[in-house]
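Examination of the molecular architecture
Chain by chain, the residues:
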Amino acid sequence: MNHFRWHSRILYRLRASTRSIPSRTSWVWTIVALCVYGVMVVPFGMSIGFLKFQPELNPGQWLNVAVGSFLMPGLSEELMFRTFLIPHPTEPMPPLVRQQWIFGSWVLFILFHLLPWTPSFFHEMPFLWGAGLLGILCTLSYLQSRSMWTAVFIHWAIVVQWLLVWGGLEKFGSSW
């Protein structure tokens, strides 16, 4: 019985978050969140040498990164850490329980980047700081819009920018 309830909640969250079309206000909020992220992360990352202005000029690489980043981490991580773990804003739940799920999801998002098979630079504080802020913005966007699509867009846009403009591909040491 309890097993059935858990599956029902996950299905409810998936349906609610994928079928919810973000409003114009939600998209404006999303763009503002991206700008805030950039203002906070780019100067800091450049000042400590974690980010380098290094635009990728190969159009084929742009296409590979854009498509690949949409699937992983954009869609897959947002499904896992926002849609499945965080109660949908329309899901009845006591506020304290909702806050605990939100915080737990954020902690798991950070810990996910520390798994042993992740690249070593994922374990560096500048990356973790950026990932932590990204998790907060994606969560706020998801809650504000009631849609996973704004969070997927934020995650995708930041990863694409990092890989193709700010030296992220070099950190991986190979083509995407």
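That block above? That's the structure.
Along each chain, residue indices are assigned from 1 in the same order as the chain's sequence is written. Per-residue local features are limited, in this predicted model, to residues with pLDDT of at least 70; the limit for side-chain atom pairs, both in listing and counting, is 80 or more; totals at the level of whole chains, interfaces and linings are taken over all residues. Each side-chain value is worked out from all heavy atoms of the structure, with water and hydrogens disregarded.

1. Observations regarding the pattern of salt bridges
Salt bridge, as applied in this entry: a Lys or Arg side-chain nitrogen positioned within 4 Å of an Asp or Glu carboxyl oxygen. Counted by the stated rule, this structure contains 4 salt bridges. Its salt-bridge partner being Arg9, residue Glu91 comes within 3.9 Å of it at the nearest N-O pair. Here Arg9 lies in helix α1 (residues 2-19) and Glu91 lies in the loop between α3 (59-84) and α4 (95-112), a separation of 82 residues in the sequence. A salt bridge links Glu91 to Arg13, with the nearest nitrogen and oxygen atoms 2.8 Å apart. On the criterion of sequence distance, the pair formed by Glu91 in the loop between α3 and α4 and Arg13 in helix α1 is long-range, its members being 78 residues apart. An identical accessibility class is assigned to Glu91 and Arg13; each is buried. By the criteria applied, helices consist of DSSP H or I runs no shorter than four residues and strands consist of E runs no shorter than two, each listed in order from the N terminus. For each residue, the accessible area found with a 1.4 Å probe, counting protein chains only, is set against the maximum for its type, and the residue is called buried under 20%, exposed over 50%, and partly exposed in between.

2. A short note on the nonpolar core
If you look at the biggest cluster of nonpolar residues, it comprises 40 residues, and the most contacted ones within it are Tyr37, Leu51, Phe127, Leu134, Ile154 and Trp162. Those elements that place two or more of their residues in this core are α2 (24-47), α3, α4, α5 (125-145) and α6 (148-164). In this analysis, two residues are considered to be in contact whenever any of their non-hydrogen atoms come within 4.5 Å of each other. Ignoring sequence-local partners within four residues, the contact set of Trp162 consists of Phe50, Leu51, Phe121, Phe127, Gly167, Gly168, Lys171 and Phe172. We call a set of buried residues a nonpolar core when its members are Ala, Val, Leu, Ile, Met, Phe, Trp, Tyr or Cys and they connect through side-chain atoms within 4.5 Å of each other.

3. Things to note about the side chain of Ser26
Mapped onto the elements of the fold, Ser26 is located in helix α2. On the basis of relative accessibility, which here comes to 3%, the residue Ser26 falls in the buried class. In contact with Ser26, other than residues within four places in its own chain, are Gln144, Ser145 and Thr150.

4. Remarks on α2
A helix's residues, less one, multiplied by 1.5 Å, set its expected span. The first and last C-alpha atoms of α2 sit 35 Å apart over 24 residues, in line with the 34 Å expected at 1.5 Å per residue. Turning to α2, the residues buried within the fold contact α5 and α6. Where α2 ends, the next residue or the one after it, Gly49, has phi of about 85°, a positive value.

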